[in-house]
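Results of the structural survey
If you want the building blocks of each chain, they are given just below.
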Amino acid sequence: GENVEQHPSTLSVQEGDSAVIKCTYSDSASNYFPWYKQELGKRPQLIIDIRSNVGEKKDQRIAVTLNKTAKHFSLHITETQPEDSAVYFCAASTGSGGSNYKLTFGKGTLLTVNP
Amino acid sequence: DTAVSQTPKYLVTQMGNDKSIKCEQNLGHDTMYWYKQDSKKFLKIMFSYNNKELIINETVPNRFSPKSPDKAHLNLHINSLELGDSAVYFCASSQSTEAFFGQGTRLTVV
């Protein structure tokens, strides 16, 4: 089955700096790669996602890149703010829904943005 | 107007008891899941149902029995609770890609 590795497990940055979280996946059939943010005591929520036919996607201060050949994908947060502090999860899935759909999560990165 | 709702939010119970967690989604999604988040925050899939049919069972002990009376509901019943079952359990639903999570149920077994 799919295996998703995520690094680092903790990341501390100063406000205004950039943060990068990296993930690798094992199943070359995976074609959908979402990133979830989980604030303390809250549910995971999607912040950005990318499909395998796209190399990069950006949404304001957040960007995700995908290297299918190397089976790597990364989350980039620029101009970090204290409210970006949370646990971030990468995930990978195969199939486009229904019976083939399964999200496998990385182990999470605790991001702390220091004011 | 909650999309995925699960009850209860907190559950404290003694070892050996049987308990249930309920989940409902009003998004019209075909697929629903149960995830377990342990103390180290690792999110691990337990079950996946598509249109009331079990699709994925990730080697979860038989003490855990999901039930889907219709595609909008996926309940989780746990028999003979053990200390190691203490965790946050998240229900989620999806149609094709994005998974929407419930608010979680923090289960504490004492």
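Numbering of residues starts from 1 in each chain and follows the order in which that chain's sequence is written. The naming scheme follows written order: chains are lettered A onward, ligands numbered 1 onward. The predicted nature of this model means local features are confined to residues of pLDDT at least 70 and side-chain atom pairs, given and counted, to a pLDDT of 80 or more, with totals for whole chains, interfaces and linings taken over all residues. The side-chain quantities take in all heavy atoms of the structure and omit both hydrogens and water.

**Focus on the overall build of chain A**
Selection rule: For helices the rule is a DSSP run of H or I covering at least 4 residues; for strands it is a run of E covering at least 2, with both sets numbered from the N terminus onward. Computation of the radius of gyration draws on C-alpha atoms, with the globule rule given as 2.2 Å multiplied by the number of residues to the power 0.38. Categorising residues by exposure relies on relative accessible area from a 1.4 Å probe, with only protein chains included: less than 20% of the type maximum marks a residue as buried, more than 50% marks it as exposed, and the intermediate range marks it as partly exposed. Two residues form a contact once any of their heavy atoms are found within 4.5 Å. Reported accessibility uses the Shrake-Rupley method at a 1.4 Å probe radius. Residues are deemed covered only where the shown protein chains occlude them. Only four residue types enter the charge count: Lys and Arg as positive, Asp and Glu as negative, with His and the chain ends excluded. Taken as the charge centre is NZ of Lys, CZ of Arg, CG of Asp or CD of Glu, depending on the residue.
Per the secondary structure count, chain A includes 0 helices and 11 strands. Compactness check: chain A gives a C-alpha radius of gyration of 14 Å against a globular reference of 13 Å for 115 residues, within 12% of the reference. Overall, the C-alpha framework of chain A stretches about 45 × 30 × 20 Å when taken along its three principal axes. Classification of the 115 residues of chain A by burial places 43% in the buried group. Residue pairs in contact within chain A that sit at least 24 positions apart in sequence constitute 53% of those at least 6 positions apart. Here chain A displays about 5,700 Å² of accessible surface, and carbon together with sulfur accounts for 45% of that area. Here chain A contributes 12 positive and 12 negative side-chain charges, whose respective centroids are spaced 7 Å apart.

**A look at the pattern of salt bridges**
This is how the line gets drawn: Each salt bridge in this description consists of a side-chain nitrogen of Lys or Arg and a carboxyl oxygen of Asp or Glu lying within 4 Å of one another.
Across all of its chains, the model carries 6 salt bridges over all chains by this definition. For the salt bridge of A:Asp84 with A:Arg61, the shortest nitrogen-to-oxygen distance reads 2.9 Å. Within this pair, whereas A:Asp84 is found in the loop between strand S8 (72-77) and strand S9 (86-94), its partner A:Arg61 is found in the loop between strand S6 (56-59) and strand S7 (62-67), the two being separated by 23 residues in sequence. Looking at A:Arg61, the relative accessible area reads 22%, which means it is partly exposed. Here B:Asp30 makes a salt bridge to B:Lys71, at a shortest N to O gap of 2.8 Å. Placement of the pair is B:Asp30 in the loop between strand S3 (19-25) and strand S4 (31-37) and B:Lys71 in the loop between strand S7 (64-70) and strand S8 (73-78), with a sequence separation of 41 residues.

**Notes on the nonpolar core**
Defined as follows: For our purposes a nonpolar core is just a set of buried Ala, Val, Leu, Ile, Met, Phe, Trp, Tyr and Cys residues, chained together by side-chain atoms within 4.5 Å.
If you look at the biggest cluster of nonpolar residues, it comprises 23 residues, and the most contacted ones within it are A:Trp35, A:Phe73, A:Leu75 and A:Leu111. Listed by contribution, the elements that provide at least two residues to this core are strand S2 (10-14), strand S3 (19-25), strand S4 (32-38), strand S5 (45-51), S7, S8, S9 and strand S11 (109-114) of chain A. Counting 20 residues, the second-largest nonpolar core is a separate cluster that includes B:Cys23, B:Met32, B:Met46 and B:Phe64.

**Concerning the interface of chain B and chain A**
Here is the rule we go by: Buried area is calculated as the accessible area (1.4 Å probe) missing from two parts once they are joined, with the contributions of both summed. Three categories are distinguished: nonpolar for Ala, Val, Leu, Ile, Met, Phe, Trp, Tyr, Cys and Pro, charged for Asp, Glu, Lys and Arg, and polar for the others, with Gly belonging to the last.
Listed per partner, the contact involves 24 residues of chain B and 19 residues of chain A. Carbon and sulfur atoms make up 58% of the area that chain B and chain A hide from each other, which totals about 1,900 Å². When the buried surface of chain B facing chain A is broken down by residue, B:Leu43, B:Thr97 and B:Phe101 rank first, second and third, together holding 27% of it. At the junction of chain B with chain A, the criterion picks out 0 salt bridges. Among the elements of the structure, S4, strand S5 (43-50), strand S6 (53-57), strand S9 (87-94) and strand S10 (99-101) of chain B are those that each provide at least two residues to the side of chain B that touches chain A. Residue composition of the side of chain B that touches chain A, by class: 11 nonpolar, 10 polar and 3 charged.

**Observations concerning the state of the cysteines**
The condition is simple: To count as a disulfide, a pair of cysteine sulfur atoms needs to be within 2.5 Å.
Scanning the model with the defined rule gives 2 disulfides over all chains in all. Bridging A:Cys23 to A:Cys90, the disulfide has an S-S length of 2.0 Å. One quick way to see it: the torsion about the S-S bond of A:Cys23 and A:Cys90 is about -100°, and its sign makes the bridge left-handed. Of this pair, A:Cys23 sits in strand S3 while A:Cys90 sits in strand S9; the two residues are 67 residues apart in sequence, bridging distant segments of the chain. A:Cys90 carries the same exposure label as A:Cys23, and that label is buried. In this model, B:Cys23 is linked to B:Cys91 through a disulfide, with the two sulfur atoms separated by 1.8 Å. Disulfide B:Cys23-B:Cys91: the torsion about the S-S bond is -75°, which places it as left-handed. On the criterion of sequence distance, the pair formed by B:Cys23 in strand S3 and B:Cys91 in strand S9 is long-range, its members being 68 residues apart.

**Some details on the packing of aromatic side chains**
Stated formally: Only rings of Phe, Tyr and Trp enter the pairing, Trp through its six-membered ring, and a pair is recorded when the two centres are within 6.5 Å. The plane angle decides the type: under 30 degrees is stacked, over 60 is edge-to-face, the rest tilted. Two conditions define a charge located above a ring, namely a distance within 6 Å from the ring centre to NZ of Lys or CZ of Arg, and an angle within 35 degrees of the ring normal.
Here the structure, examined in full by the defined rule, presents 13 aromatic pairs over all chains. Taking the centre distance of 6.1 Å and the plane angle of 45° together, the rings of B:Tyr33 and B:Tyr35 count as tilted. Taking relative accessible area as the criterion, B:Tyr33 reaches 1% and is therefore assigned buried. Between the NZ or CZ atom of A:Lys107 and the centre of the ring of B:Phe42, over which it lies, the distance is 5.4 Å.

**Looking at the environment of B:Ile56**
Along the chain, B:Ile56 turns up in strand S6. Separated by 24 residues in the primary sequence, B:Ile56 and B:Ser80 have C-alpha atoms spaced 22 Å apart.

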